[in-house]
Amino acid sequence: MRRVAVVGVGQTKFGELWDTSFRQMIIEAGTRALEDAGISGEEIDAMYVGNMSAGQFIRQEHIASLIADHSGLAPVPCTRVEAACASGALALREAMVAVASGMHDVVVAAGIEKMTDVIAEAGQEMLATVSDQEWEAFVGATFPSLFALMARRHMHEFGTTDEQRALVAVKNHHNACLNAYAQHHVELTVERVLQSPMVSSPLRMMECASLTDGAACLILVPLEEARKYTDTPVEIAGSGQASDTIALGDRESLVSLRATREAARKAYRMARVEPKQVDLAEVHDSTTISEIMAIEDLGFCEKGKGGKITEEGMTAIDGPLPVNPSGGLEGRGHPIGATGIAQALEIVLQLRGEAGKRQVKKAEVGLTHTVGGSGGTAVVHLFRRR
Amino acid sequence: MGVVGYGAYLPRYRLKTEEIARIWGADPKQMKRGLGVEEKAVAGPDEDTVTISVEAAKNALRRGGIDPSLVGAIYVGSESHPYAVKPTASIVAEAVGAVPEMTAADLEFACKAGTAGVQACMGMVEAGMIRYGLAIGADTAQSSPGDPLEYAAAAGGAALLIGKLDGEAVAAIEATYSYTTDTPDFWRRDMHPYPRHGGRFTGRPGYFKHTLSAAQGLLRRLGLTPRDFDHAVFHQPNGRFPVEVARELGFSLSQIRTGLLSPKIGNTYSGATLLGLAAIFDRAKEGERILAVSYGSGAGSDAFSFIVKEGIERKRELAPKVSDYLENKVYIDYATYCKFTRKLVR
Amino acid sequence: MHVPRFWREIPNRYGLVGTRCGHCNRIFFPPRAICPNCRRVGQLEPYRLSGRGRIYSFTTVYSGPGDFREQIPYVLAIVELEEGPRVMAQLTDCQEEEVRIGDEVELVFRRIKEEGEEGIIHYGFKARLVRARPQPGA
């Protein structure tokens, strides 16, 4: 298998993009990525696009064709990839495999979601389709409620507190203030988080990622060719993916995501990296408890200690292991299909030394972690500066 | 042929007369005295005639001690079936495990639809058509906000499992007698949410005429007098009518006390007489005789005479008693009541 | 949820019928067609569960889907049934303040939701605290 590098990145701003349509978003993100890589459209051999649910949000299926067409790139092969909130990361993995296998040379890995063309209540219902329709949505489960059930159990088993969870939101919103592309530019305090309306107890509104529009795009090439495009190639050193039960009731545990542990194990092994060698990470904080569980499951601390190390500042942007320097899903926003790509985009910028006010000092090995639904899918990638 | 099992169900929630009076500016003491109802049972937001029927039926089957698949017929009598077309009875049959070799139907006759179901099951068992029949009376009665009916319209239900008396039984059914005329004292037109009534016309020409006629007819047929009965229960739309009709017939307060539930639960419509009967079964002794007379507006009354059997002592302990349901209560305010009964318009 | 899809699962929702693997004896509710332990070697048969269990986790939903708007706020729980499997269910007849992890519950037949004003009514199970059921009195 060939080694693979990222040589171009581009994204739209994330937010409520009233003036920008689905097709305009992908064009904007794609154009920026091509410019960043210094390539033209004809050089692209294949496209992989992560998108959870254009069919629900804008009643548009077959977006692979729509995107290839409106990017002006048809007849390039284009594939739409779906794994709920991990769609973008999965698209990255598919793109990576396409290059690694030798099937294609210059490949686009993109992600896009247009969520605000429908009203928020409808958007939340569409989001809930990631749960088990027969046995979870049927009895009234909402997306936040799935994480709330995990949060309560985490509090019960480890004594994690409301304040520790709130600190995740405070940290990520602070980081987002340093990110021009992020949706939210508001500093939070623990009080403000814990006084925001309860969504599904114990999780409050400011602990949950919002509905967002956005698109992001990466250009992948074989590592051996990367210097043709950039002086700062970033290698995708490891990739891991795993599945788990779709319904929470069928999980072995509510305080750990087996899919994350499995995907991480495979990614670490492929990259020959141990958790303690990771310099920074973009993890899947769809809610505050998601980040706490993620840093445990990724091996950055013992199971149950995620709240404590957050409280101690270990994961702050100037701490020993910055987590979600971009602002994470909570601060940057969560256009579902785009998130996995945006996480990788942040790591690439950081490893290149181009993260500006958010720049993490030591940035040689970075990790992205993306989860589908309540944990039915997880994808982990490791990136190394070359 | 008689009662092989019986079951009751009351929802947890109660709305006090004084709370309703508070909202509508009525005198709570006067309302309580006038109606004889202190509080009424209100169904939770996830309850309806179907769910109430299922709980009552399951309790009756627990006491019956039979395999549910042996139930050959299920009849549910109610004024508040959730569907206008699609039977409550088939959902109940599925939920209790009686399907598929059986017959089922829904009945409507205002508050006496449940006892009409008892008579249907009696006939079918006696004729050898079925081994066991389940007759259920249940309601989540709706009333127009501010209407006097609101003080009593309540939710609850009870079920009787009817079968031959070849094994352990709760009670034999000695006889039944019905009195039916076309008397439009209380009605609800199709697709309208709340019933209308003839005010005081519902009294003498309605409730009293039919209840008295059915009771007297039964006593005459059996050659009995009120003294031959240990307990009596009459349809109880409020706390006053059953007391008056008992007195007119010659029954004492002590004979009707056990079955008189409306002061504490209101008028559970199709469930009312059967719930009162269940409360009596919870206490009655072997050999005692019970009179039960239902009344349904429109109008008609079904009267029954039961003789309690020795199986009652053991069977009554197999499921919650009416008194257990009476004590298992949570008070709600008028706003919560409106939310639960879907009176809040979006 | 449209009619055939709901109807198909009526025996499971009303009767608490799951499946049991004849090979490893593990019980599944909701029912599974394949045992993840035994896969093709497993022989799955219908199995009726008792409905008794304990609360494993719970949450009160304050912002819910349209079909459930009238029941807001409602409590959702993961119930660990006595036969082993865990299942998600709404709690009925109680407020969140009353609930603790480990509380004994039983599954009861309740109305879940409707398909709008004209559609069918979905019935199924909810969990009720055992101490909230009518207790045998004096």
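Residues numbered from 1 in each chain as written. Chains lettered and ligands numbered in written order. Predicted model: local features only at pLDDT ≥ 70, side-chain atom pairs only at ≥ 80, totals over all residues.

Draft legend 1. Structural detail: the overall build of chain C. Counting secondary structure elements, chain C contains two helices and eight strands. Helices (α) and strands (β) of chain C occur, in sequence order from the N terminus, as α-α-β-β-β-β-β-β-β-β. Principal-axis analysis of the C-alpha atoms gives chain C an extent of 45 × 45 × 30 Å. In chain C, which comprises 138 residues, the proportion classed as buried is 41%. (Helix = DSSP H or I, 4+ residues; strand = E, 2+ residues; numbered from the N terminus. Buried ≥ 20, exposed ≤ 12 C-beta atoms within 10 Å, placed from the backbone.)

Draft legend 2. Layout of the overall build of chain A. The number of helices and strands found in chain A is 13 helices and 11 strands. Over its C-alpha trace chain A gives a radius of gyration of 19 Å, about what one expects of a compact globule, namely 21 Å for 386 residues. Here the C-alpha coordinates of chain A stretch approximately 55 × 45 × 35 Å along the principal axes. Looking at the 386 residues of chain A, the share that counts as buried comes to 64%. (Rg over C-alpha atoms; globule rule 2.2 N^0.38 Å.)

Draft legend 3. Quick look at the nonpolar core. Core analysis: the largest hydrophobic core is formed by 277 residues, its most contacted members being A:A110, A:L218, A:I341, B:I74 and B:V92. Beyond its immediate sequence surroundings of up to four residues, A:L218 is in contact with A:V6, A:G8, A:V9, A:A33, A:L92, A:A109, A:I341, A:A344 and A:L345. (Core = buried A, V, L, I, M, F, W, Y, C linked by C-beta atoms within 7 Å. Contact = placed C-beta atoms within 7 Å.)

Draft legend 4. Spatial organisation of the interface of chain B and chain C. Counting residues at the interface gives 21 residues for chain B, matched by 17 residues for chain C. Counting residues per element, the side of chain B that touches chain C draws most heavily on helix α12 (residues 322–327) of chain B, which supplies four residues. Considered class by class, the residues forming the side of chain B that touches chain C number eight nonpolar, five polar and eight charged. (Nonpolar A, V, L, I, M, F, W, Y, C, P; charged D, E, K, R; others polar.)

Draft legend 5. Local environment of the pairing of strand β10 (residues 365–372) of chain A. Residue and element names in this part refer to chain A. Across the eight residues that make up β10, a large majority, eight, are buried. Side-chain alternation along β10 places V365, L367, H369 and V371 on one buried face and G366, T368, T370 and G372 on a second face that is also buried. The pairing of strand β9 (residues 280–282) with β10 spans three bridges and is parallel. Residue pairing for β10: A281 is matched across the bridge by L367. Here β10 pairs with strand β11 (residues 377–385) via eight bridges, running antiparallel. Of the residues in β11, the one forming a bridge with T370 is V379. Counting the residues in the hairpin turn of β10 and β11 gives four residues, including G373, whose phi is positive at 60 degrees. (Pairing = 2+ DSSP bridges.)

Draft legend 6. Representation of the sheet that holds strand β14 (residues 330–331) of chain B in the model. Residues and elements named next belong to chain B. Taken together, three strands build an open sheet; the order of strands is β3-β2-β14 and the sheet is mixed. Lying at the two open borders of the sheet, with one neighbouring strand each, are β3 (39–42) and β14. The pairing of strand β2 (residues 13–16) with β14 spans two bridges and is parallel. Residue pairing in the sheet places Y13 in a bridge with V330 of β14.

Draft legend 7. Focus on the sheet that holds strand β4 (residues 71–77) of chain B. Residue and element names in this part refer to chain B. If you walk across this open sheet you meet the nine strands as β5-β4-β6-β7-β1-β8-β13-β12-β11, and the pairing is mixed. A strand with exactly one partner marks an edge of an open sheet, and here the two such strands are β5 (103–107) and β11 (231–234). Ignoring which end each strand starts from, the neighbouring axes of this sheet average 20 degrees apart. Pairing of β11 with strand β12 (residues 289–293), which is carried by four bridges, proceeds in the parallel orientation. Bridge pairing links A232 to L291 in β12. (Axes fitted to C-alpha atoms, helices over the stretch in contact; angles between N-to-C directions.)

Draft legend 8. Representation of the interface of chain A and chain C within the structure. Listed as interface residues are 24 residues of chain A and, on the opposing side, 25 residues of chain C. Of all the secondary structure elements, the ones that give two or more residues to the side of chain A that touches chain C are α5 (120–127), α6 (143–158) and β5 (198–200) of chain A. For the side of chain A that touches chain C, the leading source of residues is α6(A), giving six residues. Classifying every residue of the side of chain A that touches chain C by side-chain character gives 11 nonpolar, seven polar and six charged.

Draft legend 9. Inspection of the packing of helix α4 (residues 87–100) of chain A against helix α13 (residues 336–352) of chain A at higher detail. All names here are of chain A. Two numbers describe how α4 lies on α13: the axes approach to 5 Å, and their chain directions differ by 60 degrees. Taken together, α4 and α13 sit at an angle that is classed as oblique. Contacts between α4 and α13 involve S87, G88, A89, L90, A91 and L92 from the former and I336, G337, A338, T339, G340, I341 and A344 from the latter. Taken together, the residues that form the contact of α4 with α13 break down as eight nonpolar, five polar and no charged. (Parallel < 35°, antiparallel > 145°, perpendicular 65-115°, else oblique.)

Draft legend 10. A look at helix α1 (residues 22–37) of chain A. Residues and elements named next belong to chain A. Counted at 1.5 Å a residue, the expected span for α1 with its 16 residues is 22 Å, and the 23 Å between its end C-alpha atoms agrees. Along α1, the residues that are buried comprise F22, M25, I26, A29, G30, A33, L34, D36 and A37. The buried residues of α1 occupy an angular sector of 160 degrees when the element is viewed end-on, so they sit on one face. For α1, the elements touching its buried residues are β1 (4–11), α2 (54–57), α3 (63–70), β4 (107–113) and β7 (214–222). (Expected span 1.5 Å × (residues − 1). Arc of directions from axis to C-beta.)

Draft legend 11. Layout of the arrangement of the chains. Contact analysis covers two pairs of chains in contact, and the most contacts occur between chains A and C. Across all C-alpha pairs, the smallest distance from chain A to chain B is 12 Å, and the two are not in contact.

Draft legend 12. Expanded view of the packing of helix α7 (residues 162–176) of chain A against helix α10 (residues 288–297) of chain A. All names here are of chain A. Where α7 meets α10, the closest approach of the two axes is 8 Å, and the angle between their N-to-C directions is 95 degrees. It follows that α7 is roughly perpendicular to α10 by the angle criterion. Every residue of α10 that contacts α7 at R165, A166, V168 and A169 is listed here: T288, I289, E291 and I292. By residue class, the composition of the contact of α7 with α10 is five nonpolar, one polar and two charged.

Draft legend 13. Region of interest: the domain arrangement of chain A. Residue and element names in this part refer to chain A. On domain assignment, one finds that chain A holds domain 1 (4–119 + 212–234) and domain 2 (129–209 + 236–385). The straight-line distance from the C-alpha centre of domain 1 to that of domain 2 is 22 Å. Contact residues are listed per partner, giving 39 residues for domain 1 and 38 residues for domain 2. Going through the elements one at a time, β1, α4, β4 and β7 are the ones with two or more residues in the side of domain 1 that touches domain 2. The element best represented in the side of domain 1 that touches domain 2 is α4, accounting for eight residues. For the side of domain 1 that touches domain 2, the per-class residue count stands at 24 nonpolar, 11 polar and four charged. (Domains from an automatic or database assignment.)

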